[in-house]
Amino acid sequence: LTESVLRPLIEAGGPVRIWTPGCGTGQEAYSLAMIASELAQQRPSPPEVQIFYPQEGDVLSLADGYLAIQAQAEDALLEWVIFYMDGEELGRLDEAPYGVIWKMEAGTHAVCVVAVDRAGNTDEAEMRITVPCTMNGQIAPGEVIRYRFQAGKGQRLVISARARALVPYVADCV
């Protein structure tokens, strides 16, 4: 049973579901679980994970408020899928669908998703996202937008701001 059925199923890398008839003292199910766990720990291949949403190049808006980060993971004996934003853990899940909600903050952020199987094998997917600090075309409260430009000697720079037209009384606070 171990070599002809369980090992090929686990090495295939997909989900493995084992059903046993409800009889006796339950030792059959326990024995199968122990064998499957031992085989998984012998397995050298790590789980596979990828970030499903957001994707590189997606335009995010701070006005949305929250971002649903979704991942897809494949492994016969997957234990955890862990989500990180800028190195801080957002959450860990042990069953699909794999996703967490993050309260967006303006700036560039590093998203990392790590899949861990019962043998301790890991895989991770990383990406960077940028959340602009504007809401409905306006700078969000407490945020700053910086623009870089090149100017030659003798050129004039004119900056015009109409803060009162955007949000009443902001000009009185500046």
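Structure: above.
Rules used in this analysis
- Residues numbered from 1 in each chain as written.
- Predicted model: local features only at pLDDT ≥ 70, side-chain atom pairs only at ≥ 80, totals over all residues.
- Heavy atoms only, no water.
- Helix = DSSP H or I, 4+ residues; strand = E, 2+ residues; numbered from the N terminus.
- Polar contact = N/O pair within 3.5 Å; in protein donor to acceptor, adjacent residues only side chain to side chain.
- Contact = heavy atoms within 4.5 Å.
- Core = buried A, V, L, I, M, F, W, Y, C linked by side-chain atoms within 4.5 Å.
- Buried < 20%, exposed > 50% of the residue type's maximum accessible area, 1.4 Å probe, protein only.
- Pairing = 2+ DSSP bridges.
- Axes fitted to C-alpha atoms, helices over the stretch in contact; angles between N-to-C directions.

Caption draft 1: Here's a closer look at the side chain of histidine 109. By secondary structure assignment, the location of histidine 109 is in strand S6 (residues 107-117). A polar side-chain atom of histidine 109 sits 2.7 Å from the main-chain carbonyl oxygen of glutamate 105. The contacts of histidine 109, once residues within four sequence positions are left out, are Met85, Asp86, Trp102, Met127, Arg128, Ile129 and Val131.

Caption draft 2: Inspection of the nonpolar core at higher detail. Counting 22 residues, the largest nonpolar core has Ile69, Phe83, Trp102 and Ile129 as the members making the most contacts within it. Mapped by element, the contributors of at least two residues to this core are strand S1 (48-53), strand S2 (66-74), strand S3 (78-85), strand S5 (98-103), S6 and strand S7 (122-131). Residues Leu6, Val16, Ala36 and Leu77 belong to the second largest nonpolar core, which totals 7 residues.

Caption draft 3: A look at the sheet that holds S6. Read from one edge to the other, the open sheet built from 4 strands follows the order S4-S3-S6-S7, with strand pairing classed as antiparallel. On the outer flanks of this sheet lie strand S4 (88-93) and S7, each paired with one strand and no other. Pairs of neighbouring strands in the sheet enclose a mean axial angle of 20 degrees, with direction left out of account. Where S3 and S6 come together, 7 bridges link them in antiparallel fashion.

Note that every value here comes from positions in space, so none of it alone points to a role or purpose.
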